[in-house]
Amino acid sequence: MDISDTPEEAAFRAEARAWLDEHATPRGQSTEEPDLGDHVQRARDWQRTLHEHGWAGLSWPEEFGGRGLPGAFATVFAEEMAGFEETTGSLTVSLGMVAPTLMAHGTPEQQEHIAKMLRGEELWCQLFSEPGAGSDLATLGTRAERDGDVWVVNGQKVWTSLAQFADYGILLARTDPDLPKHTGISYFIVDMNDPGIEIRPLVQMTGQAHFNETFLTDVRIPAENMVGGVGEGWSVARTTLTSERSSIAGGNSGWSVETLIEEARARGRCDDPVVRQQLAAAHCRAEVLKVMGYRIRTATSQGRFPGPEALAMKLGYARHWVASTETAMELLGADATMYDQSEPWQYAFLNQFAIRLGGGTDEVQQNIIGELGLGLPREPSADRGVPWKDLPR
Ligand SMILES: Cc1cc2nc3c(=O)[nH]c(=O)nc-3n(C[C@H](O)[C@H](O)[C@H](O)COP(=O)(O)OP(=O)(O)OC[C@H]3O[C@@H](n4cnc5c(N)ncnc54)[C@H](O)[C@@H]3O)c2cc1C
């Protein structure tokens, strides 16, 4: 298999690079650290700029406003983009998770949101996890009850990233407690401006309040905002969750093996044999991840849904993150103890837990890889077939 650029990809890369040189800020040139609200607004503005110049939705189908290019072109653009400060990371839920889900399962009216996401006009959040339902998400207890043309929702969500800035949310709620846990769940679109939604930020150890507790009290959702049918929420959510893992692993991390090598060079550590081994190992991990990314994009562009590959890549990316930022901490030595949010390596080191937990923890990835990828027996489970209302909680 030849993974070097085809002539068309090489021409596209040159075109992308020239445009980025003109419109974006090279990484490392910006010293200003925006607060979270500014950061989110910049992501929306950058997405609008990308869209206006034809660089948004490169591999999305044309019917959804994309350019319909093979996945390799999106990869080329992401590779070039990694050298610049601008990022659409705050739109990951919108572009990387909600849009693919609505493309696959949405009604034509629901799919009208997709073009707005592509233009950076709508920001979405994910209302899945609850205090008692994280890894075992299907035990969630937020209730949705039908009242005429609306569903009335009551419950609590947690870890809702960027809910404080979101226009809409995707919500999983239990519509039938008499059914087993996976089958009584439905999937909704919720307007985050509903007066029944209260958002309380949670401060992380990085100092940012990136995610929130979200309380839903008599939130009224029009029946046409259900995605998929009643009780089909779990199968719709699987599309979202698989897309989430690919998005996290394919995200712009804000650091790279090249910046790690620059740090070693700046600190005069490149002759240290242990440091050299660590840098070489980081390079190897990054190359393997790059090739895994090509494999996932090839699967997607051929209409196949990446399963175990996406899980393995997310797990590998988390391990790469942990090992590389630990190397950075060793390189920084005593400087590593000085922290504010503008210190990229300290921030990345503390942020490793977001990568290891968000989108499914490392342990849960390994369980699913064992089952789906290696064909190992399923984990023992005492709740299969038991009505959700009878489960111990
Ligand atoms: C940065 C970040 C952003 C997030 N954003 C969102 C968001 O926007 N929306 C949203 O809905 N959720 C979000 N989440 C929540 C995330 O999906 C959950 O944290 C994750 O699924 C784990 O659930 P939990 O935190 O309840 O941990 P738990 O499920 O309670 O797990 C606790 C520990 O037990 C281990 N464990 C659990 N079950 C098993 C098992 N079967 N086998 C082996 N080990 C197991 C886990 O690996 C973990 O180490 C976010 C999380 C983070 C960190």
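As a starting point, this report considers the structure included with it. Along each chain, residue indices are assigned from 1 in the same order as the chain's sequence is written. Residues qualify for local features only when their pLDDT is at least 70, as the model is predicted, and side-chain atom pairs are given and counted only at 80 or more; totals for whole chains, interfaces and linings, by contrast, use all residues. For the side-chain quantities, the full set of heavy atoms in the structure was used; hydrogens and water were omitted.

**With respect to the site of the ligand**
Any residue with at least one heavy atom within 4 Å of a molecule or strand is counted as near it. Around the ligand, a shell composed of 17 residues is seen, among which Ser129, Ser135, Trp159, Thr361 and Glu363 lie nearest. Counting of polar contacts relies on pairs of N or O atoms within 3.5 Å, with two restrictions inside protein: one atom must be capable of donating a hydrogen and the other of accepting it, and residues adjacent in sequence are counted only when both atoms are side-chain atoms. Separating an oxygen atom of the ligand from a backbone N or O atom of Phe128 is a distance of 3.1 Å. Asn367 places a polar side-chain atom, nitrogen or oxygen, 3.0 Å from a nitrogen atom of the ligand. Contact with the protein chains removes 68% of the 970 Å² of surface that the ligand exposes when unbound. The way it works is that DSSP assigns letters per residue, a run of H or I at least four long becomes a helix, a run of E at least two long becomes a strand, and they are numbered from the N terminus. Those elements that place two or more of their residues in the shell around the ligand are helix 11 (352-357) and helix 12 (362-373). Tallied by class, the residues present in the shell around the ligand amount to five nonpolar, ten polar and two charged. Where accessible areas are quoted, they stem from the Shrake-Rupley method and a 1.4 Å probe; at the residue level, only the protein chains shown are allowed to cover. In the scheme used here, Gly and all other residues not listed as nonpolar or charged are polar, with Ala, Val, Leu, Ile, Met, Phe, Trp, Tyr, Cys and Pro taken as nonpolar and Asp, Glu, Lys and Arg as charged.

**Some points on the side chain of Thr325**
Along the chain, the position of Thr325 falls in helix 9 (residues 308-332). For Thr325, a relative accessible area of 0% corresponds to the buried category. Looking at Thr325, its side chain comes within polar contact range of the main-chain oxygen of Trp321, at 2.8 Å. Looking at Thr325, its side chain comes within polar contact range of the main-chain oxygen of Val322, at 3.3 Å. Beyond its immediate sequence surroundings of up to four residues, Thr325 is in contact with Trp255, Trp345, Ala348, Phe349 and Gln352. Partly exposed residues are those whose accessible area sits between 20% and 50% of the maximum for their type, while under 20% is buried and over 50% is exposed, using a 1.4 Å probe and protein chains only. Contacts: residue pairs with any heavy atoms within 4.5 Å of one another.

**Focus on the nonpolar core**
To define a nonpolar core, start from buried Ala, Val, Leu, Ile, Met, Phe, Trp, Tyr and Cys residues and group those joined through side-chain atoms within 4.5 Å. In terms of nonpolar packing, the biggest core is built from 66 residues, with Phe77 and Leu171 touching the most fellow members. Of all the elements, helix 4 (residues 92-105) adds the most residues to this core, at six residues. Domains are outlined according to an automatic or database domain assignment. When residues of this core are assigned to domains, at least three fall in each of domain 1 (7-87) and domain 2 (124-236). When near neighbours in sequence (up to four residues on either side) are disregarded, Phe77 contacts Phe12, Ala16, Trp19, Leu20, Leu50, Trp55 and Leu58. In terms of nonpolar packing, the next biggest core, distinct from the first, is built from 22 residues, Ala310, Tyr317, Ala318 and Ala336 among them.

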